[in-house]
Amino acid sequence: MDKSTIICRCEEINIDELETAMRLGTETFDDIKRMTRCGMGPCQSKICMNLVNKLISDFTGNPISDILPARMRMPLRITRIGTLAGDLTEETSVISVFNETDTEEGSGSHG
Ligand code: FES
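Keep in mind the model is a prediction, meaning the values are calculated, not measured.

Caption draft 1: Inspection of the overall build of the protein at higher detail. Scanning the protein from N- to C-terminus turns up 5 helices and 2 strands. When each of the 111 residues of the protein is scored for burial, the buried share is 30%. Restricting the contact set of the protein to residue pairs at least 6 apart, pairs at least 24 apart contribute 37%. Carbon and sulfur atoms provide 53% of the accessible area of the protein, an area that totals close to 7,900 Å².

Caption draft 2: Molecular detail of unusual backbone geometry. Of note, the phi angle at Arg 37 is positive, near 80 degrees, even though the residue is not glycine. Following the sequence through the fold, Arg 37 ends up in the loop between α2 (29–36) and α3 (49–60). The exposure class assigned to Arg 37 is partly exposed, which follows from its relative accessible area of 42%. The backbone of Ser 45 sits at a positive phi, close to 75 degrees, despite the residue not being glycine. Residue placement: Ser 45 occurs in the loop between α2 and α3. Classification of Ser 45 as buried rests on a relative accessible area of 1%.

Caption draft 3: Inspection of the packing of helix α1 (residues 15–23) against α2 at higher detail. Two elements in contact, α1 and α2, have axes separated by 10 Å at closest approach and are oriented at 110 degrees. Taken together, α1 and α2 sit at an angle that is classed as roughly perpendicular. By crossing handedness, the relation of α1 to α2 is classed as right-handed. Residues Glu 17, Leu 18, Ala 21 and Met 22 of α1 pack against Ile 32, Met 35 and Thr 36 of α2. Considering only residue class, the contact of α1 with α2 consists of 5 nonpolar, 1 polar and 1 charged.

Caption draft 4: A look at the state of the cysteines. Tallied over the full model, the rule gives 0 disulfides. With no disulfide of its own, Cys 38 has Cys 48 as its nearest cysteine by sulfur position, at a separation of 4.0 Å. Of the residues examined, Cys 38 reaches a relative accessible area of 0% and is grouped as buried.

Cut-offs applied
Residues numbered from 1 in each chain as written. Predicted model: local features only at pLDDT ≥ 70, side-chain atom pairs only at ≥ 80, totals over all residues. Heavy atoms only, no water. Helix = DSSP H or I, 4+ residues; strand = E, 2+ residues; numbered from the N terminus. Buried < 20%, exposed > 50% of the residue type's maximum accessible area, 1.4 Å probe, protein only. Contact = heavy atoms within 4.5 Å. Areas by Shrake-Rupley, 256 points an atom, 1.4 Å probe, with all protein chains shown as cover. Axes fitted to C-alpha atoms, helices over the stretch in contact; angles between N-to-C directions. Parallel < 35°, antiparallel > 145°, perpendicular 65-115°, else oblique. Left-handed = near helix turned anticlockwise from the far one by under 90°. Nonpolar A, V, L, I, M, F, W, Y, C, P; charged D, E, K, R; others polar. Disulfide = S-S within 2.5 Å.

Structure representation (structure tokens):
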């Protein structure tokens with residue numbers, strides 16, 4: 001694979017940068033995250049973590065199952081503020097958030 005291939009789209013980190021981090025001694029996703037910012041973007045590593053773990057596995061020769069899992073912070077999925085505030089009546093699935101239609105469009109309620 002081309003070394004310029006972007007692995008973390010959020011932070012625009014490519015394979016070359018990740019391999020440089022591994023040559024400097026990083027051995028886990030969290031190590032790479034601290035050194036490169038890979039995984040610190042809006043998706044919070046949901047897109048890039050598995051790809052990085054595969055690169056670590058290829059680089060070290062260790063199976064992916066031997067690589068320490070990344071520390072994940074809450075919330076682990078897209079969550080509405082209302083749910084965090086205690087409104088448990090809201091639909092909170094990721095699909096419902098993305099499929100939401102804005103019924104107040106044009107009302108000026110969004111700023
Ligand atoms: S793709 Fe890496 S943080 Fe989003």
